[in-house]
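# Commentary on secondary and tertiary structure
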Amino acid sequence: MLRSSPRLHGLISKRNHVLKSTYFPITYKTPTTSTANIIISPYYSTQATPTPTPTEFKGTKYKPLNGVTLPELPKVYKELIKAKLGGLVALTAMAGYAIAPGAMDVSSLLYTTVGTTLCISSANSINQWIEIPYDAQMLRTRNRVLGRRALSPFHAFNFGVLTGTAGVAMLATMVNPLTAALGAANIFLYTAVYTPMKRASIANTWAGAVVGGIPPMMGWAAVTNSLDPGAWVLGAILYAWQFPHFNSLAWNLRADYSKAGYRMMSVTDPKLNARVSLRYSLAMFPLCWSLPYLDITSWTFAADSTIINAALLNDKSAKQLFFGSIMHLPILLALMMIHKTSKSDQEDSYEFIEVEEEV
Amino acid sequence: MLRNSVKQFSLHNCKRTMATSPLKKQNKWCESLSKPVAADMIGTPDPISNLRPVKYYIPANETSEEKEWRESCIKVDQFNEEFWHRNNTLFVNAKAEYEAQLKEKGEEVTAEAMSVFYKDFLNKAYDRQMEYNRTWWKMNVAQLYPGFKAAIRSLKSKNDNTLSSAQVKGNGFWEKSFES
């Protein structure tokens, strides 16, 4: 019973517990190298960062920090902007462009894609600039550009601001102001809302999902210069997709998140984590069905998407779900584009309405 | 066994003869330096704080502005190092303590049991972490303008502390050790 008193203290006085809880020892204690550690280590594969004991640690090794040379710069920039992830997001924007009703113009598609990619690069660079010490704490992100000082923080920040300005300006001048506004809002949401919220509240996942939902809406707005119901449905589909994708990743990283102080529901409420993931996986069904309802795709898409979404529901483990979600999204977007209602189909429906009005 | 060693020998020879470029400058990690190097040094990640320590090179003709910039960089690095060292030590100790408690009660250390610990640790650390977050964000922004000035200075000045220029000048690590 005495052992549980630190918890009680935590409930009573959130500030004073720092002094009284056994979780905050007064003197530094070296981690124990007891055999107990060896016996219980098979149980937590979630601990991605094994902390070596003082007996194993062989000392810090140094190497000269040569600044990045000009030929190396493109490769470093690609790492800074998280090129692979950015590329996938740009693909969703292109899918939004392709699915929107209207004439397809190659130059406008090019400007939309380049502009969106610049906006994404900006957001990712500034995010990495903000999260330098936090990224170092997690094994997955430990060797990022700023952590290993390949670039100075000022350089990364500057790069982020420049690409953001260039991206928004390109969208505003070569595409339309609505797309530019969405791009600017997305950069702001990612860097100034989602990134700090990751440390403060589990609501960050919802904010981050909005960030994922905006790029296809940008693609749509680039074609029609308006946000039709179809754009909102497409955004909602991407928004819903974020949850099974992110929650499954977060489940395996709970130990690292807890240690590094990230507030994720996979740590604070694992059951909620699973429920939310399931909830939004189920929401994908009606969202996909509303696309043919709005006459954006044919009804065959309703059947196809049901099969694909059911496959996502079927994934049993978090790892399966994560990799499943990465396969699921491109397939879904491709199906949308395949089943897109052609221009003649749309014209037919307009003619039909006109005839009715005459009568 | 003789066959294996012959194979290895010929393979090794193969590699050397097929090399199209001369021995490239090696960015090897070194434990001790025979001569001082005229460049900033970065270390392997600290086992406790996970941050890489950086030793800044002090040139002979350092101006007061450069000194101020270097000292502010050191201050930020020290602040981060201190926080994460303390935080990670607390985590490791608290985790070991929790596991000991579980074993005392005779329960297995499963992922579900650890989830309870992770949640508790995260919630207890909230105030401490938010205070660190705010301070770090402020420091990071505050470093931008001096960082800009430092970048301008390094563009203008002839003081190049990188390895490539040190090699040109002849006081890079490899030049020194071969000459002496």
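Owing to the predicted nature of the structure, the values given are computational and were not obtained by experimental measurement.

## Overview of the overall build of chain A
Each helix and strand counted, chain A has 17 helices and one strand in total. With 359 residues in all, chain A has 48% of them scored as buried. Accessible area for chain A stands at about 17600 Å²; split by element, carbon and sulfur atoms hold 67% of it.

## Side note on the overall build of chain B
Within chain B, the secondary structure is distributed over seven helices and two strands. When its helices and strands are written in sequence order, chain B yields α-β-β-α-α-α-α-α-α. Every one of the 180 residues in chain B was classed for burial, and the buried ones make up 38%. For chain B, restricting intrachain contacts to residue pairs at least 6 apart in sequence, the fraction spanning at least 24 positions comes to 56%. With the model as given, the accessible surface of chain B reaches about 11300 Å², and the carbon-plus-sulfur share is 57%.

## What to know about the nonpolar core
Membership of the largest hydrophobic core comes to 66 residues, with the highest contact counts inside it found for A:Leu151, A:Tyr257, A:Tyr262, B:Trp84, B:Phe117 and B:Tyr118. If one sorts the elements of this core by residue count, helix H2 (residues 64-104) of chain B sits on top with eight residues. Among residues more than four places away in sequence, those in contact with A:Tyr257 are A:Met138, A:Arg140, A:Phe246, A:Ala250, A:Tyr262, A:Met264, A:Ser266, A:Val267 and B:Leu122. Grouped together as the second largest cluster of nonpolar side chains are 29 residues, A:Ile99, A:Ile237, A:Cys288 and A:Leu291 included.

## Side note on the sheet that holds strand E2 (residues 54-55) of chain B
Taken in spatial order, the three strands make up an open sheet running E1(A)-E1(B)-E2(B), and their pairing is antiparallel. Edge positions in the sheet fall to strand E1 (62-64) of chain A together with E2 of chain B, since each has one partner strand and no second. Across three bridges, E1(A) lies against strand E1 (residues 41-43) of chain B in antiparallel orientation. Within E1(B), the residue paired with A:Pro64 across the bridge is B:Met41.

## Considerations on a nonpolar patch on the surface
All names here are of chain B. Taken together, the side chains of Tyr145, Phe148, Ile152 and Leu155 define a hydrophobic patch exposed on the protein surface, amounting to about 430 Å² of accessible area. By the element assignment, Leu155 lies in helix H5 (residues 144-156). For Leu155, a relative accessible area of 72% corresponds to the exposed category.

## Describing the packing of aromatic side chains
In this description, an aromatic ring pair is defined by two values, namely the gap between the centres and the angle between the planes. Applying the stated criterion across every chain yields a total of 25 aromatic pairs over all chains. Ring geometry for A:Tyr77 and A:Phe159: centres 4.2 Å apart, planes at 15 degrees, overall stacked. Here A:Tyr77 is found in helix H4 (residues 73-80), whereas its partner A:Phe159 is found in helix H8 (residues 153-175), with 82 residues between them in sequence. Ring geometry for B:Phe91 and B:Tyr118: centres 6.2 Å apart, planes at 10 degrees, overall stacked. On the criterion of sequence distance, the pair formed by B:Phe91 in helix H2 and B:Tyr118 in helix H3 (residues 111-124) is long-range, its members being 27 residues apart. Just as B:Phe91 is buried, B:Tyr118 falls in that class too. Taken together, the ring pairs in this structure connect A:Tyr134, A:Tyr257, A:Tyr262, B:Phe79, B:Phe83, B:Trp84 and B:Tyr132 into an aromatic cluster. It is A:Arg199 that lies over the ring of A:Tyr262; its NZ or CZ is 4.7 Å from the centre.

## Structural notes on the confidence of the model for chain B
Residues and elements named next belong to chain B. On average, chain B scores 80 in pLDDT, and the residues at 70 or more come to 67%. Taking the mean pLDDT of every element in chain B, the minimum, 46, falls on helix H1 (residues 2-18) and the maximum, 96, on helix H4 (residues 126-142). Confidence drops under pLDDT 50 across residues 4-16; counting only partners more than four residues distant or on other chains, this segment forms zero contacts. Within the model, the stretch residues 21-26 combines pLDDT values under 50 with four contacts to residues more than four positions away or in other chains. Taken over the whole predicted complex, pTM reads 0.77, whereas the ipTM for its chain interfaces reads 0.76.

## Observations regarding the UniProt feature "transmembrane region" (unreviewed entry) in chain A
Residue and element names in this part refer to chain A. Residues annotated by UniProt as "transmembrane region" (unreviewed entry) correspond here to residues 85-103, 178-195, 202-223, 229-251 and 321-338. As annotated, residues 85-103 has a helix share of 79% and a strand share of 0%, and its two end C-alpha atoms lie 29 Å apart. Taken end to end, residues 321-338 is 100% helix and 0% strand, and its first and last C-alpha atoms sit 25 Å apart.

## Notes on the pattern of salt bridges
All names here are of chain B. Under the counting rule described, the total for this entry stands at eight salt bridges over all chains. In this structure, Arg70 and Glu62 form a salt bridge, with 2.8 Å as the shortest nitrogen-oxygen distance. Residue Arg70 is classed as buried on the basis of its relative accessible area of 12%. In this structure, Lys67 and Glu71 form a salt bridge, with 4.0 Å as the shortest nitrogen-oxygen distance. With Lys67 and Glu71 both in helix H2, this residue pair falls four residues apart, about one helical turn. Accessibility expressed as a relative area gives 40% for Lys67, which makes it partly exposed.

## Some details on helix H5 (residues 83-99) of chain A
All names here are of chain A. The end-to-end C-alpha separation of H5 is 24 Å, in line with the 24 Å expected for 17 residues at 1.5 Å each. Taken residue by residue, H5 has Gly86, Ala90, Thr92, Ala93, Ala95, Gly96, Tyr97, Ala98 and Ile99 as its buried positions. Elements that come into contact with the buried residues of H5 comprise helix H6 (106-130), helix H10 (204-224), helix H11 (229-252) and helix H16 (318-338).

## Section: the side chain of A:His328
Residue and element names in this part refer to chain A. Within the secondary structure, His328 sits in helix H16. Assessed through its relative accessible area of 4%, His328 is described here as buried. In contact with His328, not counting residues within four places along its chain, are Trp241, Met284, Ile308, Asn309 and Leu312.

## Remarks on the packing of H4(A) against H8(A)
Residues and elements named next belong to chain A. As a packed pair, H4 and H8 sit with axes 12 Å apart at the nearest point and diverge in direction by 75 degrees. Taken together, the axes of H4 and H8 are roughly perpendicular relative to one another. Here Leu73, Tyr77 and Leu80 of H4 come into contact with H8, specifically with His155, Ala156 and Phe159. Looking at the contact of H4 with H8 residue by residue, the classes come out as five nonpolar, one polar and no charged.

## Re the environment of B:Tyr132
On the secondary structure map, B:Tyr132 appears in helix H4. Residue B:Tyr132 is classed as buried on the basis of its relative accessible area, which comes to 3%. Look past the residues within four positions of B:Tyr132 in its chain and what remains in contact with it is A:Pro133, A:Tyr134, B:Phe79, B:Asn80, B:Phe83 and B:Trp84. A polar atom in the side chain of B:Tyr132 sits 2.9 Å from the side chain of B:Trp84.

What counts as what
- Residues numbered from 1 in each chain as written.
- Chains lettered and ligands numbered in written order.
- Predicted model: local features only at pLDDT ≥ 70, side-chain atom pairs only at ≥ 80, totals over all residues.
- Heavy atoms only, no water.
- Helix = DSSP H or I, 4+ residues; strand = E, 2+ residues; numbered from the N terminus.
- Buried < 20%, exposed > 50% of the residue type's maximum accessible area, 1.4 Å probe, protein only.
- Areas by Shrake-Rupley, 256 points an atom, 1.4 Å probe, with all protein chains shown as cover.
- Contact = heavy atoms within 4.5 Å.
- Core = buried A, V, L, I, M, F, W, Y, C linked by side-chain atoms within 4.5 Å.
- Pairing = 2+ DSSP bridges.
- Patch = residues over 30% accessible without salt bridge, like charges linked within 9 Å, V, L, I, M, F, W, Y side chains within 5 Å.
- Salt bridge = Lys/Arg side-chain N within 4 Å of Asp/Glu carboxyl O.
- Phe/Tyr/Trp six-rings, centres within 6.5 Å; stacked < 30°, edge-to-face > 60°.
- Lys NZ or Arg CZ within 6 Å of the ring centre and 35° of its normal.
- pLDDT = per-residue confidence, 0-100.
- UniProt positions renumbered as here; feature names shortened; annotations may be inferred.
- Expected span 1.5 Å × (residues − 1).
- Axes fitted to C-alpha atoms, helices over the stretch in contact; angles between N-to-C directions.
- Parallel < 35°, antiparallel > 145°, perpendicular 65-115°, else oblique.
- Nonpolar A, V, L, I, M, F, W, Y, C, P; charged D, E, K, R; others polar.
- Polar contact = N/O pair within 3.5 Å; in protein donor to acceptor, adjacent residues only side chain to side chain.

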